[in-house]
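As a plain string of letters, each chain reads:
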Amino acid sequence: MGGVERQSVAMTLISKERAILFADVSGSTALYELLGDRPAAKAIEACLDELRIVVAKRDGVVVKTIGDEIMVVFGNPEAACNAAREMQQRMIALPPTAGVKLAIRIGFHFGLVLEDKGDFWGDGVNTAARLAGLAKAGQILTSGATTNALPAAQRTDLRDLDAIQVKGKHEAVRVFELMWGDVDEATQFAGLASSAKVQARLILEVGERTMEFPREKTMLSLGRDASCDIVVSEKTASRLHARIERRGVQYILIDESTNGTYVAIGGDREVLLRRDRVMLRGRGKIAFGTSTAAAAELVLFDCS
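Residues numbered from 1 in each chain as written. Predicted model: local features only at pLDDT ≥ 70, side-chain atom pairs only at ≥ 80, totals over all residues. Heavy atoms only, no water.

**Concerning the nonpolar core**
Here's step 1: With 35 residues, the main nonpolar core has L21, L51, F74, M87, L102, I106 and F108 as its most contacted residues.
Here's step 2: Elements with a minimum of two residues in this core: β1 (14-26), α3 (37-57), β3 (69-74), α4 (77-93), β4 (103-116) and β8 (173-178).
Here's step 3: Tallying contributions element by element places α3 first for this core, with 8 residues.
Here's step 4: Setting aside residues no more than four positions away along its own chain, M87 makes contact with L21, A23, L51, V54, V55, I104 and I106.
Here's step 5: Core analysis: the next-biggest nonpolar cluster, separate from the first, contains 24 residues, L204, M211, A237 and I265 among them. (Core = buried A, V, L, I, M, F, W, Y, C linked by side-chain atoms within 4.5 Å. Buried < 20%, exposed > 50% of the residue type's maximum accessible area, 1.4 Å probe, protein only. Helix = DSSP H or I, 4+ residues; strand = E, 2+ residues; numbered from the N terminus. Contact = heavy atoms within 4.5 Å.)

This is how it looks when you write it as structure tokens:
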């Protein structure tokens, strides 16, 4: 009976095309450690208030606030695009709080979502949330589907980051970065206030060997073959198993193997790549042809 009731409720949900945007405050952990709970929460709320001003101005609606993140809905992708850009511009104008420069990460997606009593969910919401999770401080990411729905004038500020494997989706998502301001200005973010530009940096550890992705190279090969840049001895690895490509400030792991490449990023569930790719972020581990839990040899990475 309960299952029938749940099904009947689900059938009443309305599916609509909406632009869903998630904005997450980056640097809040350092602020809490420095100031304590109440002062830090007050500073973060002041940042969120700035974002709410933009939402109202662009005819959006704040669906919910979850800690230091807000979820917003817009009626069209143009409004979400303009709001995302203005949110970043407002944040960079804010002075540091107790020496900590707060920034935001934004992801937005336009597509079908389910709506009920002012709340939204479904694949469109999940995609927007995942994009926000992929974004770095000061960055705006959107999907290929959203890009296609934008007017030509707004597409000129989009940079193609290629197809990226997103957690919870079987097929890779085409991801674009919205360039919202001066390039030098847009890269000046970190948890602590700093004027240093964020640089692409990837540290790889294989056994007792540690190496940084060479500045002069755009690709590293991994596999059992002695010609590979990183030679692995795992029996389930292919001779030419995978490669890591540097694209701007992103590092993309691309599987080219028979048995697949297993990737665990941070605390996320392990992903199996089969002739597919994923953007490396944070810290994680890579295994060749077998799960990271069962592998005899791992490549550890730190992308910061």
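**Thoughts on the sheet that holds strand β10 (residues 209-212)**
Strand pairing in a sheet relies on backbone hydrogen bonds. The paired strands run either parallel or antiparallel.
Here's step 1: One open sheet accounts for 6 strands, arranged β10-β9-β19-β18-β15-β16; its pairing is antiparallel. The open sheet terminates on both sides in strands that have one partner only, identified here as β10 and β16 (271-273). Sheet twist, expressed as the average angle between the axes of neighbouring strands with direction ignored, equals 20 degrees. (Pairing = 2+ DSSP bridges. Axes fitted to C-alpha atoms, helices over the stretch in contact; angles between N-to-C directions.)

**Quick word on the pattern of salt bridges**
Opposite charge on two side chains makes pairing possible when the charged atoms of those side chains draw close.
Here's step 1: In the structure shown here, the tally under the stated rule is 19 salt bridges.
Here's step 2: We note a salt bridge from E177 to R159, for which the minimum N-O separation is 2.3 Å. Of this pair, E177 sits in strand β8 while R159 sits in strand β7 (residues 158-164); the two residues are 18 residues apart in sequence, bridging distant segments of the chain.
Here's step 3: Here D225 and R239 are joined by a salt bridge, their closest N and O atoms 2.7 Å apart. Here D225, found in the loop between β11 (219-223) and β12 (230-231), pairs with R239, found in the loop between β12 and β13 (242-247); they are 14 residues apart in sequence, far enough to count as distant.
Here's step 4: Looking at D225, the relative accessible area reads 17%, which means it is buried. (Salt bridge = Lys/Arg side-chain N within 4 Å of Asp/Glu carboxyl O.)

**Re the side chain of D68**
Here's step 1: By the element assignment, D68 lies in the loop between β2 (61-66) and β3.
Here's step 2: Although D68 lies buried, it forms no salt bridge, and the closest oppositely charged side chain, R105, sits 7.2 Å away as judged by the N-O distance.
Here's step 3: Setting aside its immediate chain neighbours within four residues, D68 contacts A23, D24, V25, S28, I44 and L48. (Lys, Arg positive; Asp, Glu negative; His and termini not counted.)

**So, the sheet that holds β12**
Here's step 1: Within the open sheet, the 5 strands sit side by side as β12-β11-β13-β14-β17. Their pairing is mixed. The sheet terminates laterally at β12 and β17 (277-280), the two strands that pair on one side only.
Here's step 2: As defined by bridge partners, β11 adjoins β13 across 4 bridges and the pair is classed as antiparallel. For L220, the partnering residue across the bridge sits in β13 and is I244.

**Some thoughts on the confidence of the model for the protein chain**
Here's step 1: Predicted confidence across the protein chain gives a mean pLDDT of 84, with 86% of residues reaching 70 or more.
Here's step 2: Ranking the elements of the protein chain by mean pLDDT puts helix α8 (residues 183-186) last with 41 and β3 first with 96.
Here's step 3: Note that pLDDT drops below 50 for residues 1-11; the model gives that stretch 0 contacts with residues more than four away or on any other chain.
Here's step 4: This stretch, residues 183-199, has a pLDDT under 50; its non-local contacts, to residues over four places away or in other chains, come to 29 contacts. (pLDDT = per-residue confidence, 0-100.)

**Examining the packing of α3 against α4**
Here's step 1: Between α3 and α4, the least distance of the axes is 9 Å, while the angle of their chain directions is 145 degrees. Here α3 runs over α4; the crossing is right-handed. When α3 is examined against α4, the residues C47, E50, L51, I53, V54, V55 and K57 are found in contact with a partner set consisting of A83, E86, M87, R90 and M91.
Here's step 2: When grouped by side-chain class, the residues that make up the contact of α3 with α4 number 8 nonpolar, no polar and 4 charged. (Left-handed = near helix turned anticlockwise from the far one by under 90°. Nonpolar A, V, L, I, M, F, W, Y, C, P; charged D, E, K, R; others polar.)

**Here we look at the packing of aromatic side chains**
Here's step 1: The final tally for this structure, using the stated rule, is 1 aromatic pair.
Here's step 2: Between F213 and Y251 the ring centres are 5.1 Å apart and the planes differ by 55 degrees, which places this aromatic pair in the tilted class. With F213 in the loop between β10 and β11 and Y251 in strand β14 (residues 250-255), this pair connects stretches of sequence that are 38 residues apart. Of the two residues examined, F213 and Y251, each falls in the buried class. (Phe/Tyr/Trp six-rings, centres within 6.5 Å; stacked < 30°, edge-to-face > 60°.)

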